[in-house]
Structure formats: structure tokens, C-alpha cells
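Next come the chains, spelled out residue by residue.
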Amino acid sequence: MACPQRWSAPGPYDLRENPLSTPAIPLLLAAEGGSEFHAPTIADFFPPAIFFEGTPFEFNRIILVRVIMAAVLLLVFCLAARRARLVPGRFQNGVEMVLDFVRNSIAIEVLGQENGRKYFKLLATIFCTVLVMNIAAVIPFLNIAGTSVIGLPIVLAAWTYVMYLGAGVKAHGLGGYLKNSLFPPGVPKPLYVLLVPIEALQVFILRPATLVIRLLANMVAGHLMLAICFAATSYFLFDAAGAMKLFSAGTFVAGAAFFFFEIFVAALQAYVFAILTAVYLNMSVEAEH
């Protein structure tokens with residue numbers, strides 16, 4: 001993993017201030033040698049262009065990861081559809097378990113039978129896309145989530161935004177949707193002066209923004225923690241002097257723990273994104289909320 005920023009050691013150590021690198025400071029203080037520790041930085045999320053540099057079509061490592069994972073997702077579902085059998089095998093059964101989970105535990109659970117069936121395809125696409133892009137963070141040689149740069153989370157949140165606004169307008173008409181969304185029933189009329197701006201902020205800005213920030217922040221944090229642990233393991237094992245090499249065992253165990261935790265977070269964030277999409281759709285189409 002390329003980490004352009006280095007910690008140099010002219011005296012004992014030159015600890016330059018960088019908020020993203022401060023977790024590595026104790027590792028530097030523990031080292032006895034004069035070698036450098038490669039701390040992870042936000043540069044990991046802005047790799048150099050592979051081709052088309054400086055154009056709107058610039059293609060870099062993050063885009064490559066997204067293309068690979070999108071191709072894998074399409075391949076999985078194409079194979080499952082082509083090999084579908086009345087009595088499913090393990091592969092088909094695994095794919096059907098994911099779809100059944102989205103249909104029963106997200107779509108129907110939140111939206112009910114009719115609307116759940118109607119919006120199942122949307123929710124399944126969002127869940128599977130986020131899950132697969134997140135899982136790239138723990139796949140060797142990819143090592144970064146496709147959702148760890150803001151572009152893809154914005155696209156998914158914008159899709160959700162358009163869908164729940166469109167569903168609300170279609171169900172109630174423009175005026176009816178605005179009335180249901182901005183004027184909660186049972187509230188004294190003078191309070192609408194305060195409530196309407198708050199509801200408008202929530203419906204039109206905070207909902208899509210929180211979808212983006214929640215997904216992005218979790219995947220960025222997960223990548224940085226994994227990078228710190230395994231960079232520290234490499235540093236202690238190959239560069240630290242004497243007994244300091246023993247610390248590599250501790251950082252490796254921590255890295256392994258974060259590895260499995262990152263898989264859990266990848267699945268959890270896919271679930272959270274999909275279920276919030278279902279909740280927003282339900283709030284748009286129901287008569288009152």
C-alpha cells in the first residue's frame with residue numbers, strides 16, 4: 001500500500017503534526033533504529049492516475065477497484081440466474097439467502113407486502129452494491145473499499161434521494177407530499193414557524209447527507225486502522241531493533257481483529273444503507289408520519 005508521507009528521524013524522531021498519523025506516534029517512540037515508519041495518510045484515497053490523467057475520465061486505483069467489484073457482482077448474479085435450479089445448490093442457495101434477507105428483513109419488514117415487493121429490486125441492488133464495494137477493503141491486492149472515496153456514496157445517496165422524493169410525489173402529489181413532510185399533524189399552528197424549516201432541512205438535506213457521511217466515514221476509518229496495524233507489524237518485524245520485534249505479534253493480532261471487524265462493518269453498513277433507504281421510502285409513501 002503506497003503511503004507517500006514518511007516520518008523522518010533527524011534527532012531522535014521528527015514527529016510532524018498530522019491528525020491522521022498521530023496513532024502511529026507511540027510506535028515511533030518505541031523504535032530504537034533509525035529507519036522510517038510509513039504511516040497511512042489520506043493520500044491512500046487519492047492514488048495517482050493510471051491513465052487519462054487530468055481529464056474528467058481519469059482512471060486510478062479506486063476506480064479500478066470499483067470496476068473489478070462491479071464485474072464480480074454482475075458475474076455472481078449472472079451465474080446464479082443461468083444455473084438456477086428447482087433444488088438449489090450451494091452457490092444458488094447462498095445468493096438466494098442474500099436476496100431473501102433483503103426481501104423479508106428489509107423490504108417487507110419496513111414497507112409492507114405491497115410496497116416491499118415494489119421496491120425490492122432497488123433495495124437489493126443498493127444492499128449488494130454497498131456490500132461488495134465495502135468487502136474490497138479486506139481483499140488482498142485491492143485493500144481499499146470502493147466506497148471509501150465520496151463519489152460512489154454520493155451516487156448511491158442521490159439515487160435514494162430521487163427515489164423517495166419521487167415515490168412521495170407519486171403517492172400524494174407534490175402539494176400533498178410537501179404537506180405530509182413539512183407539516184406534522186397534531187401540532188399547534190404557531191409551531192410550524194419552527195418546525196417547517198427543521199423538517200425541510202431533514203427531508204431535503206440531512207437524509208442524503210447522513211447516508212453519505214455514515215458510509216464514507218466508516219470505510220475510511222476501517223482502512224486507516226488496518227493500514228496502521230499492518231504497517232506497524234511490518235515495521236516492528238523488519239526494522240525495529242532487538243526485543244522491540246516482539247511488538248509485531250501484538251500489532252499483527254490487532255490487525256487480524258480489525259480485519260474480521262471490517263468484514264462485519266462492511267455488511268453492517270450495507271444493511272444500514274438499505275434499511276434507511278426503505279425507511280425513507282416508507283415515510284414518503286405513507287399517509288401520515
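Residues numbered from 1 in each chain as written. Predicted model: local features only at pLDDT ≥ 70, side-chain atom pairs only at ≥ 80, totals over all residues. Heavy atoms only, no water.

Undergrad: I keep staring at the overall build of the chain and nothing clicks. Help me out?
TA: Looking only at helices and strands, one finds six helices and two strands in the chain. Along its sequence from the N terminus, the chain presents helices and strands in the succession α-β-β-α-α-α-α-α. Burial status across the chain gives 39% buried among its 289 residues. For the chain, long-range pairs separated by at least 24 residues make up 65% of all intrachain contacts whose partners lie at least 6 apart in sequence. Of the roughly 15700 Å² that the chain leaves accessible, carbon and sulfur atoms contribute 71%. (Helix = DSSP H or I, 4+ residues; strand = E, 2+ residues; numbered from the N terminus. Buried < 20%, exposed > 50% of the residue type's maximum accessible area, 1.4 Å probe, protein only. Contact = heavy atoms within 4.5 Å. Areas by Shrake-Rupley, 256 points an atom, 1.4 Å probe, with all protein chains shown as cover.)

Undergrad: Any chance you could explain the pattern of salt bridges here in plain terms?
TA: Pairs may arise between side chains of opposite charge once their charged atoms sit close together. All chains considered together, the criterion is met by one salt bridge. Taking the shortest distance from any N to any O, the salt bridge between Asp100 and Arg103 comes out at 2.2 Å. You can see Asp100 and its partner Arg103 sitting in helix H3 (residues 90-135), three residues apart, about one turn around the helix. Assessed through its relative accessible area of 28%, Arg103 is described here as partly exposed. (Salt bridge = Lys/Arg side-chain N within 4 Å of Asp/Glu carboxyl O.)

Undergrad: What am I meant to see in helix H2 (residues 61-82) here?
TA: Because the α-helix completes a turn every 3.6 residues, residues three or four places apart line up on one side. Here H2 contains 22 residues, and its C-alpha end-to-end distance of 31 Å stays within 8% of the 32 Å for a straight helix at 1.5 Å per residue. Taken together, the buried residues of H2 touch strand S2 (59-60), H3 and helix H4 (151-182). You can read the cap of H2 off the contacts: a side-chain oxygen lies 3.1 Å from the backbone nitrogen of Ile62, and it is on Asn60. (Expected span 1.5 Å × (residues − 1). Polar contact = N/O pair within 3.5 Å; in protein donor to acceptor, adjacent residues only side chain to side chain.)

Undergrad: Looking at this model, I keep getting lost on the packing of aromatic side chains. Mind explaining?
TA: Each aromatic ring pair is described using two quantities: the centre-to-centre distance and the angle formed by the ring planes. With the rule as written, the count across this model stands at 12 aromatic pairs. Consider the rings of Tyr161 and Tyr164, whose centres lie 5.7 Å apart with planes at 85°: the pair is edge-to-face. Placement of both Tyr161 and Tyr164 in helix H4 is noted, with a separation of three residues, approximately one turn of the helix. Looking at Tyr161, the relative accessible area reads 23%, which means it is partly exposed. When the ring of Phe230 is compared with that of Phe252, the centres are 6.3 Å apart and the planes differ by 70°; the resulting orientation is edge-to-face. With Phe230 in helix H5 (residues 192-238) and Phe252 in helix H6 (residues 247-285), this pair connects stretches of sequence that are 22 residues apart. Relative accessible area serves as the criterion here: at 34%, Phe230 is assigned to the partly exposed category. Joined through ring pairs, the aromatic side chains of Phe51, Phe52 and Phe59 make up one cluster. Its end group placed over the ring of Tyr164, Arg207 keeps NZ or CZ at 5.5 Å from the ring centre. (Phe/Tyr/Trp six-rings, centres within 6.5 Å; stacked < 30°, edge-to-face > 60°. Lys NZ or Arg CZ within 6 Å of the ring centre and 35° of its normal.)

Undergrad: Please clarify how the side chain of Gln269 should be interpreted in this entry.
TA: When you line up the elements, Gln269 lands in helix H6. Judged by relative accessible area, Gln269 falls into the buried class, the value being 7%. Contact partners of Gln269, with chain neighbours within four places excluded, come to Val130, Asn134, Arg214, Leu215 and Asn218.

Undergrad: Please explain unusual backbone geometry as it appears in this structure.
TA: With glycine set apart, most residues show a phi of negative sign, and most peptide bonds adopt trans. Backbone geometry at Phe52 places phi at a positive 60°, although glycine is not the residue there. Along the chain, Phe52 falls in the loop between strand S1 (49-51) and S2. Although it is not a glycine, Asn143 adopts a positive phi angle of roughly 60°. With respect to the helices and strands, Asn143 occurs in the loop between H3 and H4.

Undergrad: What am I meant to see in the environment of Leu178 here?
TA: Positionally, Leu178 belongs in helix H4. The spacing of Leu178 and Val196 is 18 residues in sequence and 10.0 Å in space, taken between C-alpha atoms. When sequence neighbours within four positions are dropped, the list of residues in contact with Leu178 reads Phe183 and Phe204.

Undergrad: Hey, could you run me through the confidence of the model for the chain in this one?
TA: As a note on interpretation, predicted positions should not be read in detail where pLDDT is low. The share of residues in the chain with pLDDT of 70 or more is 86%, and the mean pLDDT across the chain is 85. Low pLDDT, under 50, characterises residues 1-34; the stretch is placed with 62 contacts to residues that sit more than four places away or in other chains. (pLDDT = per-residue confidence, 0-100.)

Undergrad: Would you mind showing me how to read the environment of Met163 here?
TA: Note that Met163 resides in helix H4. Owing to a relative accessible area of 28%, Met163 belongs among the partly exposed residues under this scheme. For Met163 and Leu122, which are 41 residues apart along the polypeptide, the C-alpha to C-alpha distance reads 9.1 Å. With sequence-adjacent residues up to four places away left out, Met163 is seen in contact with Tyr119, Leu122 and Leu281.

Undergrad: In this structure, what is going on with the packing of H2 against H3? I would like to understand it.
TA: What describes two packed helices is the angle between their axes and the distance between those same axes. At a closest axis distance of 8 Å, the pairing of H2 and H3 adopts a crossing angle of 75°. By the angle class used here, H2 and H3 are roughly perpendicular. Seen from H2, the contacting residues are Arg66, Met69, Ala70, Leu73, Val76, Phe77, Leu79 and Ala80; seen from H3, they are Phe91, Val95, Leu99, Cys128, Thr129, Val132 and Met133. (Axes fitted to C-alpha atoms, helices over the stretch in contact; angles between N-to-C directions. Parallel < 35°, antiparallel > 145°, perpendicular 65-115°, else oblique.)

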